[in-house]
Amino acid sequence: MRKIEIVKDDAIEYGVKDIVLPVRGTKFSAGYDLCSPIDTVIPAGQIVTIWTNLKAQCNDNECILLFIRSSMGRKDICLANSVGLIDGDYYSNPKNDGNIGVALKNRGTEDFVIKKNDKIAQLVFMPYLVVDNEEEITNIRTGGYGSTGK
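For the structure given in this document, a descriptive report is provided here. (Residues numbered from 1 in each chain as written. Predicted model: local features only at pLDDT ≥ 70, side-chain atom pairs only at ≥ 80, totals over all residues. Heavy atoms only, no water.)

## So, the pairing of strand β12 (residues 119-127)
Point 1. Bridging between strand β3 (residues 32-35) and β12 involves 4 bridges; their strand directions are antiparallel. Within β12, the residue paired with Y32 across the bridge is L123.
Point 2. Pairing geometry for strand β7 (residues 62-68) and β12, over 7 bridges, is antiparallel. In the sheet register, C63 faces β12, and the bridge partner there is M126. (Pairing = 2+ DSSP bridges. Helix = DSSP H or I, 4+ residues; strand = E, 2+ residues; numbered from the N terminus.)

See the structure below:
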């Protein structure tokens, strides 16, 4: 089942529970707009991670891609990792319940202000393929953000 929902209470960041659920801007939009749950500032040349307090579940053989909104890209704001990739087993993981973090980098020369409920990124569900001769993988995710690289 593909869905987007608010994380459990113990995974909520900033104490904010009035979260705007993502929607697509138009009938043919691929991306769901993620909004910031807080006011924040990204200093010039710095990176700030905004926890959305949202999690997304995808079907088997799907992943989630995060992209910057084009309006923010025109203002020299980008995702710190260019494109975010969220694996299906990140959803409801025991460490942070799958809370989606958006790491934004300010490439500009002036601080960038984000207000609560400003749209900050787009979430896209995507199918993926695996090789036919892959050995069975039995590892199970136990951590949250960036945990499989440790």
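Read on, since the account is not over.
## Some remarks on the state of the cysteines
Point 1. Scanning all chains against the criterion turns up 0 disulfides.
Point 2. Residue C58 stays outside any disulfide, its sulfur separated by 6.9 Å from that of C63, the closest cysteine. (Disulfide = S-S within 2.5 Å.)

## Quick look at the sheet that holds strand β8 (residues 77-79)
Point 1. Taken together, the 3 strands give an open sheet; going across it, the order is β5-β10-β8, and neighbouring strands pair in antiparallel fashion. Where the open sheet ends on each side, the last strands, each with one partner, are β5 (47-51) and β8. Geometrically, the sheet is characterised by an average inter-axis angle of 35° between neighbouring strands, direction not taken into account.
Point 2. When β5 meets strand β10 (residues 101-106), the two strands line up antiparallel, connected through 5 bridges. Paired with T49 across the strands is A103, a residue of β10. (Axes fitted to C-alpha atoms, helices over the stretch in contact; angles between N-to-C directions.)

## Details of the sheet that holds β3
Point 1. Here 5 strands make up an open sheet; going across it, the order is β2-β3-β12-β7-β9 and the pairing antiparallel. Every interior strand has two partners, whereas the edge strands, β2 (23-24) and β9 (84-86), have only one.
Point 2. Examined bridge by bridge, β7 and β9 share 3 bridges and lie antiparallel to one another. Bridge pairing links L66 to G84 in β9.

## So, the environment of L34
Point 1. Along the chain, L34 turns up in strand β3.
Point 2. Residues L34 and L123, spaced 89 residues apart in sequence, show a C-alpha to C-alpha distance of 6.9 Å.
Point 3. Among residues more than four places away in sequence, those in contact with L34 are P22, T52, L54, L66, I100, V102, D118, K119, I120, A121 and L123. (Contact = heavy atoms within 4.5 Å.)

## Considerations on the side chain of E62
Point 1. Assignment of secondary structure puts E62 in strand β7.
Point 2. Polar contacts involving the side chain of E62 include one to the side chain of R2, which spans 2.4 Å.
Point 3. A distance of 2.9 Å separates a polar atom in the side chain of E62 from the backbone nitrogen of N59.
Point 4. Setting aside chain neighbours within four positions, we find E62 in contact with R2, G88, F125, M126, P127 and Y128. (Polar contact = N/O pair within 3.5 Å; in protein donor to acceptor, adjacent residues only side chain to side chain.)

Remember, this is a structural readout, not a statement about activity or role.
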